[in-house]
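Commentary on secondary and tertiary structure
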Amino acid sequence: QVQLVESGGGLVQAGGSLRLACAASGRTFSRYGMGWFRQAPGKEREFVATITWSGSSTYYADSVKGRFTISRDNAKNTVYLQMNSLKPEDTAVYYCAAVVGWSIRGSDYHYWGQGTQVTVSS
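What comes next concerns the included structure. (Residues numbered from 1 in each chain as written. Predicted model: local features only at pLDDT ≥ 70, side-chain atom pairs only at ≥ 80, totals over all residues. Heavy atoms only, no water.)

Comments concerning unusual backbone geometry
As a reminder of what qualifies: In DSSP terms, a helix is any run of H or I states spanning at least four residues, a strand is any run of E spanning at least two, and both are numbered starting from the N terminus.
For Asn77, which is not a glycine, the phi torsion comes out positive at approximately 55°. The topology assignment puts Asn77 in the loop between β7 (68-73) and β8 (78-83). Here the phi dihedral of Ser85 falls at roughly 50°; this positive angle occurs in a residue that is not glycine. Tracing the sequence through the fold places Ser85 in the loop between β8 and β9 (92-100).

Written out as structure tokens, the structure is:
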């Protein structure tokens, strides 16, 4: 069982930066690949980024590639999403999730956090 709690969301102007954190409980955190997803009002949830259990591989949605960076610290049971050059279209609730293995499909993920709101003003 893994419990996930996101933090770091907030209001930022376009062009600004935020760093989201996702703290996991449980001693098996390092066994899971981790992902970030987001959902804007009236839209479906979409994949943002994912990282393997070791942190050796990452993958990003085209919409955030070059602006967002996913990383993890297994000693701290935490995964991060550094978001730079934010745009109004990045406004959404951001969720972290855990998966056995690696995937960009939300349906493959087993555990989800409650989400943190990110709002980017123009």
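Brief notes about the packing of aromatic side chains
Keep this limit in mind: Only Phe, Tyr and Trp rings take part, Trp by its six-membered ring, and two of them pair if their centres are within 6.5 Å. Stacked means planes under 30 degrees apart, edge-to-face means over 60, and tilted covers everything else.
The full count for this structure, using the stated rule, is 7 aromatic pairs. Considering the side-chain rings of Tyr59 and Trp102, the 5.9 Å spacing of their centres and the 75° angle between planes classify their relative orientation as edge-to-face. Of this pair, Tyr59 sits in strand β6 (residues 58-60) while Trp102 is found in the loop between β9 and β10 (111-112), placing the two residues 43 residues apart along the sequence. Ring pairs connect the aromatic residues Phe37, Phe47, Tyr59, Trp102, Tyr109 and Trp112, which therefore count as one cluster.

Things to note about the pattern of salt bridges
Convention followed: Here, a salt bridge means any side-chain nitrogen of Lys or Arg that lies within 4 Å of a carboxyl oxygen of Asp or Glu. Whether a residue is buried, partly exposed or exposed follows from its accessible area with a 1.4 Å probe, protein chains only, as a fraction of its type maximum: under 20%, in between, or over 50%, in that order.
According to the stated counting rule, one finds 5 salt bridges in the structure shown. When the shortest N-O distance is used, the salt bridge between Asp90 and Arg67 registers 2.7 Å. Note that Asp90 is positioned in the loop between β8 and β9 and Arg67 in the loop between β6 and β7, a separation of 23 residues in sequence. Like Asp90, the residue Arg67 is buried in the burial classification. With its nearest N and O atoms 3.0 Å apart, the salt bridge here joins Asp108 to Arg105.

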